[in-house]
Amino acid sequence: YEFQQRARKRMSVLIPIVVLIIFVLLYMTFHSVGESAMILLAVVYAMTGGLILQHLFGYDFSVAVWVGYIALFGVAVETGVVMVVYLIEALKRKGEHGPITLADLHDATMEGSVLRVRPKLMTVATTMIGLLPIFWSSGVGADVMKPIATPIVGGMITSTIHVLIITPVIFYLGQRWKLK
């Protein structure tokens, strides 16, 4: 019980620090608070899926579960970054021929989004396929590994929905606001 209380205190400090470091790194990459926040929103969606699957499996919060969330945050941010990079590159290509119109913005958003579907689905599939044996395991260490894998699998599902559908919409709305 004492170890659990100490671990909970550490995690209550460590998790916000991890999120802050992720935000700072995103800001250093994109030089934009808006784009950094848009990508960080993927972490919230990923955590939602992790929480749902964690609840369905009946796992309480433990150090192992939080380690799974930290790994999930990294994967969610990575896929969000790649989506935004694809969207920005598509928008830059449209801007090479003159000022960007709303039609150009729409076309660039669609183009960048479509280019990212297959890589995102492959990332999710390989992650989930790689974690499936952990769910079937029953040997030594399975009681620690299952709580680590649970938030990752649940979060990958909701993160996929977010990155493929919601991120392009937020990008489009943000860029449209900038055009006006």
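Residues numbered from 1 in each chain as written. Predicted model: local features only at pLDDT ≥ 70, side-chain atom pairs only at ≥ 80, totals over all residues. Heavy atoms only, no water.

Participant: Which residues make up the environment of D104, and what values do they have?
Facilitator: Within the element layout of this structure, D104 appears in helix α4 (residues 102–136). Taking the C-alpha atoms as reference, D104 lies 6.1 Å from K94; in sequence the two are 10 residues apart. Setting aside its immediate chain neighbours within four residues, D104 contacts K94 and P99. (Helix = DSSP H or I, 4+ residues; strand = E, 2+ residues; numbered from the N terminus. Contact = heavy atoms within 4.5 Å.)

Participant: Tell me about the side chain of Q175, and name the residues and values.
Facilitator: You can see Q175 is positioned in helix α5 (residues 142–179). When its relative accessible area of 14% is taken as the criterion, Q175 is described as buried. Q175 has contacts with E35, L91 and L105, leaving out every residue within four places of it along the chain. (Buried < 20%, exposed > 50% of the residue type's maximum accessible area, 1.4 Å probe, protein only.)

Participant: I'd love a proper account of the nonpolar core, names of residues and values included.
Facilitator: If you look at the biggest cluster of nonpolar residues, it comprises 42 residues, and the most contacted ones within it are I22 and L26. When residues of this core are traced back to their parent elements, those giving at least two are α1 (2–30), α2 (33–57), α3 (63–95), α4 and α5. Tallying contributions element by element places α3 first for this core, with 15 residues. In this structure, L26 is in contact with H31, S36, I39, L40, V77 and V81, ignoring residues within four places of it in sequence. (Core = buried A, V, L, I, M, F, W, Y, C linked by side-chain atoms within 4.5 Å.)

Participant: Explain α1 to me, using residue names and the numbers behind them.
Facilitator: Taking 1.5 Å of rise per residue, 29 residues should cover 42 Å, and α1 covers 42 Å from first to last C-alpha, within 8% of that figure. When α1 is considered as a whole, its buried residues turn out to be A7, M11, I15, V18, I22, L26 and F30. On its buried face, α1 sits against α2 and α3. H31 lies just past α1 and shows a positive phi near 55 degrees. (Expected span 1.5 Å × (residues − 1).)

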